[in-house]
Amino acid sequence: KISDTLQSALKTTLNSQISNDFKILEGASVFSILKQQNNETVDKDGNFSIMMDSQLVIIAFREADLIDILKQKAEAATPNYAVKSYDLQYGIARIDTAAGRLSFPATFNAVLSYKIDVDALKKQVAGQPDVELKKAIFSLPGLDTANVSLWPFWVKTVPNNLNKINITVD
């Protein structure tokens, strides 16, 4: 019971000192008792004391760094695509305190979207009639849906001024 109480107190203390930027996985800690001393003298109520020295080793990592690495790997494997959204799940960690190493399984599922160079597209369509604008938009690879509109309704060509062209990519 003393060991469990001590371990819980150490975990609470260490977790309160670790920044929220760091991720601690299940299994990423090792608790050990370094020294235990039992006082065999019993008082009139039958109580005695036990002194313990213990150690808790926790290995944490900056989750944002891992996510950046995984995004880079996904984007390197699929040129011209960028990670739009992702889901990251962790398995149970294994810790090697001697080596200061943590290993764990992770599942990274990402939704990728085609990278569209908005500035180049603006330059391509500037001054073009609405028919050419639609051809340029709908010929983009990886396009799922698009909404093309010129305002006011009687305008039939894209402005020449790039600042007046608005392109929104979802």
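Look above for the structure.
What counts and how
Numbers given for residues are sequential positions, taken from 1 along each chain in its written order. Per-residue local features are limited, in this predicted model, to residues with pLDDT of at least 70; the limit for side-chain atom pairs, both in listing and counting, is 80 or more; totals at the level of whole chains, interfaces and linings are taken over all residues. Remark: hydrogens and water are excluded; side-chain values derive from all non-hydrogen atoms of the structure. By salt bridge we mean one thing: a side-chain nitrogen of Lys or Arg within 4 Å of a carboxyl oxygen of Asp or Glu. Strands here are runs of E lasting at least two residues and helices are runs of H or I lasting at least four, both read from the DSSP assignment and numbered beginning at the N terminus. Partly exposed describes any residue whose relative accessible area lies between the buried limit of under 20% and the exposed limit of over 50%, with all areas from a 1.4 Å probe on protein chains only and scaled to the type maximum. In this analysis, two residues are considered to be in contact whenever any of their non-hydrogen atoms come within 4.5 Å of each other.

K.L.:
Would you explain the pattern of salt bridges in this entry?
P.N.:
Pairs can form between side chains of opposite charge whenever their charged atoms are close. Applying the stated criterion across every chain, the model contains three salt bridges. Its salt-bridge partner being Asp-65, residue Arg-62 comes within 3.5 Å of it at the nearest N-O pair. Across the pair Glu-132 and Lys-135 runs a salt bridge, and its minimum N-O distance is 3.5 Å. Of the two residues, Glu-132 and Lys-135 both sit in helix H4 (residues 130–138), three residues apart, roughly one turn of that helix. Classification of Glu-132 by relative accessible area gives partly exposed; the value is 33%. A single network of salt bridges, built from pairs that share partners, joins Asp-21, Arg-62 and Asp-65.

K.L.:
Please explain the side chain of Lys-122 as it appears in this structure.
P.N.:
Position of Lys-122 relative to the elements: it lies in helix H3 (residues 118–125). Excluding residues within four positions of it along the chain, Lys-122 makes contact with Leu-162, Ile-165 and Ile-167.

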